[in-house]
Amino acid sequence: MQTEESLKKRAKAALRKEAAYGEKFDLDEYSIAPKETKYTDNLNELDEKSQRTLLNVGVVPSGEGRGGSLVMVDNAISHSSVSDREIELMPLHFAMQKHDWLKDYSWNLVPVDADKYTATSYLENANGYFIRAPEGVKTKLPIQTCLLMGSKDVSQTVHNIVIVEENARLDVITGCSTSSDVDKAMHLGISEMYVKKGGTLNFTMIHNWAEQIGVRPRTVIHLEEGATFINNYVTLKAVKSIQSYPTARLTGKGAFARFNTIAVAHPGSELDLGSRVIFDAPDTKAELVSRTITTGGTVIARGEMIGNAVQSKGHLECHGLVLNSKGTQRAIPILEANVDDIELTHEAAVGRIAREQVEYLMARGLSEEEAVGMIVRGFLDVGISGIPDELQKDIDETIAQIGKSAM
Amino acid sequence: MLEVKDLTVEVGGKELLKDVNLKVEKGYTNIILGPNGAGKTALLMTLMGFSGYKIVSGQILFKGEDITHMSIDERATRGIGIMTQRPPNMTGVKLKNLLKLIAGDKDMEQMAESLDMIRFMERDINVGFSGGEIKRSELLQLAAQSPCIYLFDEPESGVDLMSIDIIGSTINDLVHGDSTCPGDRKGHGKSALIITHTGKILDYIEADRAYVLCNGTIMCEGNPREMLQEIKENGYEECITCKLKKA
Ligand SMILES: Nc1ncnc2c1ncn2[C@@H]1O[C@H](COP(=O)(O)OP(=O)(O)O)[C@@H](O)[C@H]1O
Ligand SMILES: [Mg+2]
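Conventions we followed
Each chain carries its own residue numbering, running from 1 in the written order of its sequence. Here every chain gets a letter starting at A, and every ligand a number starting at 1, in the order they are written. For this predicted model, a pLDDT threshold of at least 70 governs which residues receive local features, and a threshold of 80 or more governs which side-chain atom pairs are given and counted, while totals over whole chains, interfaces and linings are taken from all residues. As a rule here, side-chain values cover all heavy atoms of the structure and leave hydrogens and water aside. We count a stretch as a helix when DSSP gives it H or I for four or more residues in a row; a strand needs E for two or more, and each element gets its number in order from the N terminus. Only C-alpha atoms enter the radius of gyration, while the globule expectation follows 2.2 Å times N to the 0.38, with N the number of residues. The buried label applies to any residue whose accessible area, calculated with a 1.4 Å probe on protein chains only, is under 20% of its type's maximum; exposed applies above 50%, and partly exposed to all values in between. Residue contacts are defined here by distance: any two heavy atoms, one from each residue, within 4.5 Å place the two residues in contact. Note on areas: Shrake-Rupley with a 1.4 Å probe; residue coverage comes only from the protein chains shown. Charge convention: Lys and Arg are scored as positive, Asp and Glu as negative, and His as well as the terminal groups of each chain are ignored. Positions of charges follow a simple convention, taking NZ of Lys, CZ of Arg, CG of Asp or CD of Glu. Note: metal donors comprise N, O and S atoms at 2.8 Å or less from the metal (3.2 Å for Na, K and Ca); water molecules are not included, so apparent gaps in a site are possible. For Phe, Tyr and Trp, where Trp contributes only its six-membered ring, two rings pair if their centres lie within 6.5 Å, and the inter-plane angle classes them as stacked under 30 degrees, edge-to-face over 60, or tilted in between. What marks off one domain from the next here is an automatic or database domain assignment. Summed over both partners, the accessible area (1.4 Å probe) lost when two parts come together is defined as the buried area. Throughout this description, the term salt bridge denotes a Lys or Arg side-chain nitrogen within 4 Å of a carboxyl oxygen of Asp or Glu. Counting of polar contacts relies on pairs of N or O atoms within 3.5 Å, with two restrictions inside protein: one atom must be capable of donating a hydrogen and the other of accepting it, and residues adjacent in sequence are counted only when both atoms are side-chain atoms. UniProt positions are given in the numbering used here, feature names are shortened, and annotations may be inferred rather than shown by experiment. When DSSP finds at least two bridges between two strands, those strands are taken to pair. Axis definition: a line fit to C-alpha positions, over the contact stretch in the case of helices; interaxial angles, taken between N-to-C directions, run 0 to 180 degrees. Nearness of a residue to a molecule or strand requires only that one of the residue's heavy atoms be within 4 Å of it. Residue polarity is assigned by list, with Asp, Glu, Lys and Arg as charged and Ala, Val, Leu, Ile, Met, Phe, Trp, Tyr, Cys and Pro as nonpolar; anything else, Gly included, falls into the polar class.

**Points about the overall build of chain B**
Consideration 1: Summing up its helical and strand segments, chain B has 9 helices and 12 strands in all.
Consideration 2: Taking 247 residues into account, the globule formula puts the C-alpha radius of gyration at 18 Å, and chain B, at 18 Å, falls close to it.
Consideration 3: Over its C-alpha atoms, taken along the principal directions, chain B stretches across nearly 55 × 35 × 35 Å.
Consideration 4: Relative to its 247 residues, chain B shows a buried fraction of 53%.
Consideration 5: Considering only contacts in chain B between residues 6 or more positions apart, those separated by 24 or more positions represent 69%.
Consideration 6: In the form shown here, chain B has an accessible surface area of approximately 11,000 Å², with 49% of it arising from carbon and sulfur atoms.
Consideration 7: Side-chain charges in chain B split into 29 positive and 36 negative, and the spacing between the mean points of these groups amounts to 3 Å.

Listed below in structure tokens is the structure:
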């Protein structure tokens, strides 16, 4: 049992501890993001620009087709509502007061002293969302959450906890974005997710930051017997630096995790994106799929599978396209087997779009730009469901831009 | 329709075609015969404009227009359609999506059915397709494209016996429709240039003229059936001595 005292001590000691990967940011250059904001009862009443910002990260202001919505601006909750009465959705601070037992879940998967970003988030007493699907409850509609950066030169600290109880099913769409007038800021996001026996969590995250934003998510997912976790991560817009390495721990027999990562690194962007799966129980499975493109930025696609239990099976697939010679793609797959009866495989390829493929489509009458666009679209299509039309349109536009930049 | 004049082509610094001259008139189906490595594929790829085939001299005219230096898509939109010998795996590009883009308003359902391609609609083009499936998918796309001239590179090669009938007869339908005599075909207006190593395709489509290509040059031209017969009897070596005799 971790006491508040000891956590605080550990966090304080880690305040200068650099992260293992990614550009080093000096957090002293950023002030703490405001802890208060205007509460919005109805997201529909937001101005058109804000609504568009939400839509572009998959968050529907009308709440239509969603079981609930929570919006956080800077370090404050600006909206929280649920239409699916069976699901719990509320600000984490509120949930901690409501459920005494929740403290055992908090800072349990992510150590407070992992690095200075986790330490800062802990010491700032970060708020965020709490979502819980009670035993046997299966969401029909996804819960949507939005983490918005509303102020300049600040660091936003977020702490989320998601719990899927036994045999429950939960779909979550999280969009992260920046108000149009914010250029420079930091986002630190802690997420602890629990998927219990037979439960399913389908988690989709869309990032839509701005050119001078630094992003440091810290995510751990704990899976019990027969649990399933599907993670879709999409970041197609310019950003300064994202470094994340979510870790799924398969602790129960037959657990399954899949990570789909779709990312575009624009000039000036550094994307250090990984996913890690630890096979701690027999018969567990995982698939890690990463499709990344650089149009001039740097992509580091990491993937790690650590096999500690027999009859586990994992496959890691990193494919990276380099659309011009200013960009860099680095694929770093790591496989580790600590038992004999296990099958971990990987497949990594980085390089340009095959000329032959472009010309094949051109011979059917497509222009070079259309051909590249079609190949890029196909490359990025790993079959993510539940993306609203507006976001799909925005994705298509981004892909069309990428097609142009490859010329 | 298509006219090739004194075409000399290099690939990777090596001359593969030398002073090639040939013609495909409106409504005509001409074939190119020739041994392995003669340069047949190089010729067709050059006609479509694929990169790597460097035109050193000569000219390609299509409907009277000089297309020698046009891009591939400009040639395609002007009405040239090709089935290459070994199309690439198009990972991520679903047959359905490309077909829709090529066909526009055209309904391809029936064609897809007759080519037994319905179940391939959601598949990535050519990925894991058998030889026959690749050709059938190419034919479906060509039908959607509906070009004025078809370029086929050994449509019968690498195809299982089951597929060859449907491929042969579909090629005939696309190029000639119902018409069997050259006069009629002129009215129908579609042309084709078909590379065939074995001549098997002549079981399905009536051709008007044959060219024999050896070592990158056209050796002779003539009646397709007669020439095929002669090659079957004497082999391609004879073409070279024959050409020498004529000179
Ligand atoms: N990229 C290349 N570089 C050099 N030689 C090539 C290249 N591609 C083909 N060739 C050679 O050019 C000749 C003609 O090839 P090809 O046109 O494929 O012949 P065909 O289709 O008549 O069998 C062959 O000898 C072949 O090996
Ligand atoms: Mg050939």
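Let's pick the thread back up.
**Brief notes about the coordination of the magnesium ion (ligand 2)**
Residue and element names in this part refer to chain B.
Consideration 1: At the metal site, the magnesium ion (ligand 2) is ligated by Thr 41 (OG1) and Gln 85 (OE1), and these contacts range over 2.0 to 2.4 Å. Within this pair, whereas Thr 41 is found in helix H1 (residues 40-48), its partner Gln 85 is found in the loop between strand E6 (80-83) and strand E7 (90-94), the two being separated by 44 residues in sequence.
Consideration 2: Of the residues examined, Thr 41 reaches a relative accessible area of 26% and is grouped as partly exposed.

**A closer look at the packing of aromatic side chains**
Residues and elements named next belong to chain A.
Consideration 1: Per the counting criterion, the structure on display carries 7 aromatic pairs over all chains.
Consideration 2: Their ring planes at 70° and their centres at 5.7 Å tell us that Phe 229 and Phe 259 sit as a pair that is edge-to-face. Residue Phe 229 is located in strand E12 (residues 228-235), and its partner Phe 259 is located in strand E15 (residues 256-265); the two are separated by 30 residues in the primary sequence. Taken individually, Phe 229 and Phe 259 each receive the classification buried, so the pair is uniform in this respect.

**Overview of the domain arrangement of chain A**
All names here are of chain A.
Consideration 1: Per the domain assignment, the segments making up chain A are domain 1 (4-354) and domain 2 (355-407).
Consideration 2: If you average the C-alpha positions of domain 1 and of domain 2, the two centres end up 26 Å apart.
Consideration 3: With 30 residues of domain 1 at the interface, the matching set in domain 2 holds 23 residues.
Consideration 4: Around 2,200 Å² of area is buried between domain 1 and domain 2 when both sides are counted, 72% of it from carbon and sulfur atoms.
Consideration 5: A per-residue breakdown of the area domain 1 buries against domain 2 is headed by Arg 291, Ile 353 and Ala 354, which together make up 23% of the total.
Consideration 6: On inspection of domain 1 and its partner domain 2, the count reaches 0 salt bridges.
Consideration 7: Linking domain 1 with domain 2 are 5 residue pairs in polar contact (both at pLDDT 80 or more), by the criterion used here.
Consideration 8: Contributions of two or more residues to the side of domain 1 that touches domain 2 are made by strand E10 (200-208), E12, E15, strand E17 (285-294) and strand E19 (312-322).

**Overview of the UniProt feature "domain: SUF system FeS cluster assembly SufBD core" (unreviewed entry) in chain A**
Consideration 1: Per the UniProt record, the feature "domain: SUF system FeS cluster assembly SufBD core" (unreviewed entry) sits at residues 151-379 of chain A.
Consideration 2: Along residues 151-379 of chain A, the helical share is 9% and the strand share 62%, with 35 Å between the first and last C-alpha atoms.

**Overview of the sheet that holds strand E9 (residues 149-153) of chain B**
Residue and element names in this part refer to chain B.
Consideration 1: Sheet architecture is open: 6 strands sit in the order E6-E9-E10-E3-E11-E12, paired in mixed fashion. In the strand order of this sheet, the two ends are held by E6 and strand E12 (217-222), each with one partner. Between one strand axis and the next, the sheet turns through 20° on average, direction left out of account.
Consideration 2: Sheet strands in contact with helix H5 (residues 131-145) are E6 and E9, and its direction is about 175° off that of E6.
Consideration 3: Taken strand by strand, helix H8 (residues 224-234) contacts strand E3 (29-33), strand E11 (209-214) and E12, and its axis lies near 35° from that of E11.

**Remarks on the site of ligand 1**
All names here are of chain B.
Consideration 1: The immediate surroundings of ligand 1 are formed by Val 11, Lys 14, Leu 16, Pro 35, Asn 36, Gly 37, Ala 38, Gly 39, Lys 40, Thr 41 and Ala 42.
Consideration 2: Here an oxygen atom of ligand 1 and a backbone polar atom of Gly 37 are 2.8 Å apart.
Consideration 3: Elements that contribute at least two residues to the shell around ligand 1 include exactly strand E2 (14-24) and H1.
Consideration 4: The leading source of residues in the shell around ligand 1 is H1, at 3 residues.
Consideration 5: For the shell around ligand 1, the per-class residue count stands at 5 nonpolar, 4 polar and 2 charged.

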